Amino acid sequence: MPRSPNTPAPKAGSVTLATVARRAGVSPQTVSNAINSPELLRPETLERVRRTIDELGYRPHRAAQTLRTRSSRLIGYGIRPTAPGTSAPVMDRFLHALSQTADEAGYRILLFASPPGSTGLEGYEELLDLHSVDGFVLSGTERGDRRQAWLEKRGVPFVGFGRMWSGRQIGDWVDVDGASGTDSAVEHLVGLGHRKIAFLGWPRGSGVGDDRAEGWQRAMQRHGLAVRGKRAHSIDDITSAQAAAGPLLDAGATAVIAASDMLALGCYQALREGQAVPGTDVAVVGFDDSPTAALLSPGLSTVAQPLEAVGRECVRLLLARMSEPDAPAERVLLEPSLVVRDSTPASVN
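Our subject in this report is the structure included herewith. Only a predicted model underlies this, so the values are computations on that prediction, with no experimental measurement involved.

## As for the overall build of the protein
Secondary structure summary: the protein contains 13 helices and twelve strands in total. The 349 residues of the protein split such that 52% are buried. Contacts in the protein between residues at least 24 apart in sequence constitute 69% of all its contacts with a sequence separation of at least 6. Accessible surface, the protein as shown: approximately 16,000 Å² in total, 52% of it carbon and sulfur.

## Quick look at the pairing of strand E1 (residues 74-79)
Relative to strand E2 (residues 108-113), E1 runs parallel, the two being bridged by six bridges. For Gly78, the partnering residue across the bridge sits in E2 and is Phe112.

## Some remarks on the nonpolar core
Membership of the largest hydrophobic core comes to 40 residues, with the highest contact counts inside it found for Val186, Ile197, Leu200, Val256 and Ile257. Only helix H8 (178-191), strand E6 (197-201), helix H9 (207-222), helix H10 (238-250), strand E8 (255-258), helix H11 (261-273) and strand E9 (283-287) provide two or more residues apiece to this core. The biggest single contributor to this core is H11, with seven residues. Beyond its immediate chain neighbours, meaning those up to four positions away, Val256 contacts Ala198, Leu200, Leu249, Cys267, Val282, Ala283, Val284 and Val285. Core analysis: the next-biggest nonpolar cluster, separate from the first, contains 25 residues, Val176, Ala309, Leu318 and Leu319 among them.

## Some words on the packing of aromatic side chains
Evaluation of the coordinates by the stated rule reveals six aromatic pairs. A centroid spacing of 6.1 Å and a plane angle of 55° characterise the contact between Tyr77 and Phe94, whose relative ring orientation is tilted. Of this pair, Tyr77 sits in strand E1 while Phe94 sits in helix H5 (residues 89-104); the two residues are 17 residues apart in sequence, bridging distant segments of the chain. For the residue pair Tyr77 and Phe94, the accessibility class agrees, reading buried in each case. Ring geometry for Phe112 against Tyr124: centres 4.9 Å apart, planes inclined by 85°, an arrangement best described as edge-to-face. Here Phe112 is found in strand E2, whereas its partner Tyr124 is found in helix H6 (residues 122-130), with twelve residues between them in sequence. An identical accessibility class is assigned to Phe112 and Tyr124; each is buried. By way of ring pairs, the aromatic residues Tyr77, Phe94 and Phe161 are connected into one cluster. Positioned above the aromatic ring of Tyr107, the side-chain terminus of Arg73 is 4.2 Å from the ring centre. Sitting above the plane of the Phe287 ring, Arg212 keeps its charged end 3.8 Å from the centroid.

## Observations regarding the sheet that holds strand E7 (residues 229-231)
Ordered in space as E7-E6-E8-E9-E10-E12, the six strands form an open sheet in which the pairing is mixed. One side of each edge strand has no neighbouring strand; the edge strands of this open sheet are E7 and strand E12 (337-339). Going from strand to strand, the sheet's axes swing by 20° on average, the running direction of each strand aside. In the sheet, E6 pairs with E7 via three bridges, with the strands oriented parallel. Among the inter-strand pairings, Leu200 is bridged to a residue of E7, identified as Lys230. Against the sheet, H8 engages E6, E8, E9, strand E10 (301-304) and E12, with an angle of about 165° to E9. H9 rests against E6, E7, E8 and E9 of the sheet, and its axis sits at about 170° to E6.

## A short note on the sheet that holds strand E5 (residues 172-176)
One key point about sheets: their strands pair by backbone hydrogen bonds, in either a parallel or an antiparallel sense. Taking strand neighbours across the sheet as the criterion, the six strands line up as E2-E1-E3-E4-E5-E11 in an open arrangement whose pairing is parallel. Two strands close off the open sheet at either side, each with one partner strand: E2 and strand E11 (331-334). Strand-to-strand twist in this sheet, taken as the mean axis angle between neighbours without regard to direction, amounts to 20°. In terms of strand pairing, E5 meets E11 through four bridges, oriented parallel. Among the inter-strand pairings, Val174 is bridged to a residue of E11, identified as Val332.

## What about the packing of H10 against H11?
In contact at an axis separation of 7 Å, H10 and H11 are set at 60° when each is read in the N-to-C sense. It follows from the interaxial angle that H10 and H11 lie oblique. For the pair H10 and H11, the sense of crossing is right-handed. Where H10 abuts H11, its residues Ile238, Ala241, Gln242, Ala245, Gly246 and Leu249 lie against Met262, Leu263, Leu265, Gly266, Cys267, Gln269, Ala270, Leu271 and Glu273.

## Regarding the pattern of salt bridges
Tallying each qualifying case throughout the model produces 16 salt bridges. Ionic pairing is found between Arg108 and Asp103, a salt bridge with its closest N-O pair at 2.5 Å. For Asp103, a relative accessible area of 41% corresponds to the partly exposed category. Two residues, Asp183 and Arg222, come together in a salt bridge whose shortest N-O distance is 2.7 Å. Of the two residues, Asp183 sits in helix H8 while Arg222 sits in helix H9, which places them 39 residues apart along the sequence. On the basis of relative accessible area, Asp183 is assigned to the buried category, the value being 10%. Using a relative accessible area of 46% as the deciding quantity, one classes Arg222 as partly exposed.

Rules and cut-offs
Residues numbered from 1 in each chain as written. Predicted model: local features only at pLDDT ≥ 70, side-chain atom pairs only at ≥ 80, totals over all residues. Heavy atoms only, no water. Helix = DSSP H or I, 4+ residues; strand = E, 2+ residues; numbered from the N terminus. Buried < 20%, exposed > 50% of the residue type's maximum accessible area, 1.4 Å probe, protein only. Contact = heavy atoms within 4.5 Å. Areas by Shrake-Rupley, 256 points an atom, 1.4 Å probe, with all protein chains shown as cover. Pairing = 2+ DSSP bridges. Core = buried A, V, L, I, M, F, W, Y, C linked by side-chain atoms within 4.5 Å. Phe/Tyr/Trp six-rings, centres within 6.5 Å; stacked < 30°, edge-to-face > 60°. Lys NZ or Arg CZ within 6 Å of the ring centre and 35° of its normal. Axes fitted to C-alpha atoms, helices over the stretch in contact; angles between N-to-C directions. Parallel < 35°, antiparallel > 145°, perpendicular 65-115°, else oblique. Left-handed = near helix turned anticlockwise from the far one by under 90°. Salt bridge = Lys/Arg side-chain N within 4 Å of Asp/Glu carboxyl O.

And the structure:
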């Protein structure tokens, strides 16, 4: 809406695309469309935004100038390297599903490096300044993640594979219900007669790891069972997992649910080091259904993420956001599925 005569105008240097959007009562994407693709807007909306731009003396940021709605048919995706000695089969499968779905919709995924230890914004800013991308898919969302607010402020469409784990919820996202997955693993083990079911998790503060721990704890309390858990010192380090699994096994756990297949592998090693046999003396359940899970001996029961569905939903939500920038945010939580293999026999205790 127009500025009230009693409302002081912002200083010229402080006026941003978000300032214009708030004053005009529209989204940042609508302001960007008014600048770059006015034919997409209704005449009355275009007139209101242009009038606000003139009143505030707004000078478009270069990122806004380069943004073109559906002009490049490119979707940006930042790649973060994995730590030495580890692999990321889940993200590889997600990226394949995302690329395939985008291709079917007439888009291409543009990969760019997102180095560890950075603020997480440099690659996004460079891509906006040098290229014309239609939007971004984010993954690896974590507490304190700045990308969502940064992109929203600049009117750039995006969708996250993963929830915002703290603060104000911003934008669209698709995620897998990790708590439901570990809950179903407990139900499976209880059905097999297990009562001492331990949890081998990630360090506290990991949104994904805490979510998976919450489902295990919820199911254990529902059955009136004692809660015994241990956190590895690293997210996916086998040696750390092996060290953390030892006390759980020493305490008499007949089953262990791990927050990832990599942690489950550390549990296998701890069992063998103690002269126990995985899948015979202690049942083990992982999470992610990585290629390793089926190749282990015994085959690892695990919780599988529906990555093909995640890829489809990410593309669908992003295209919808490009088409209707002012639509309410949409959040989709998908159910994982339990894959039962030989590592979860019935309890003998």
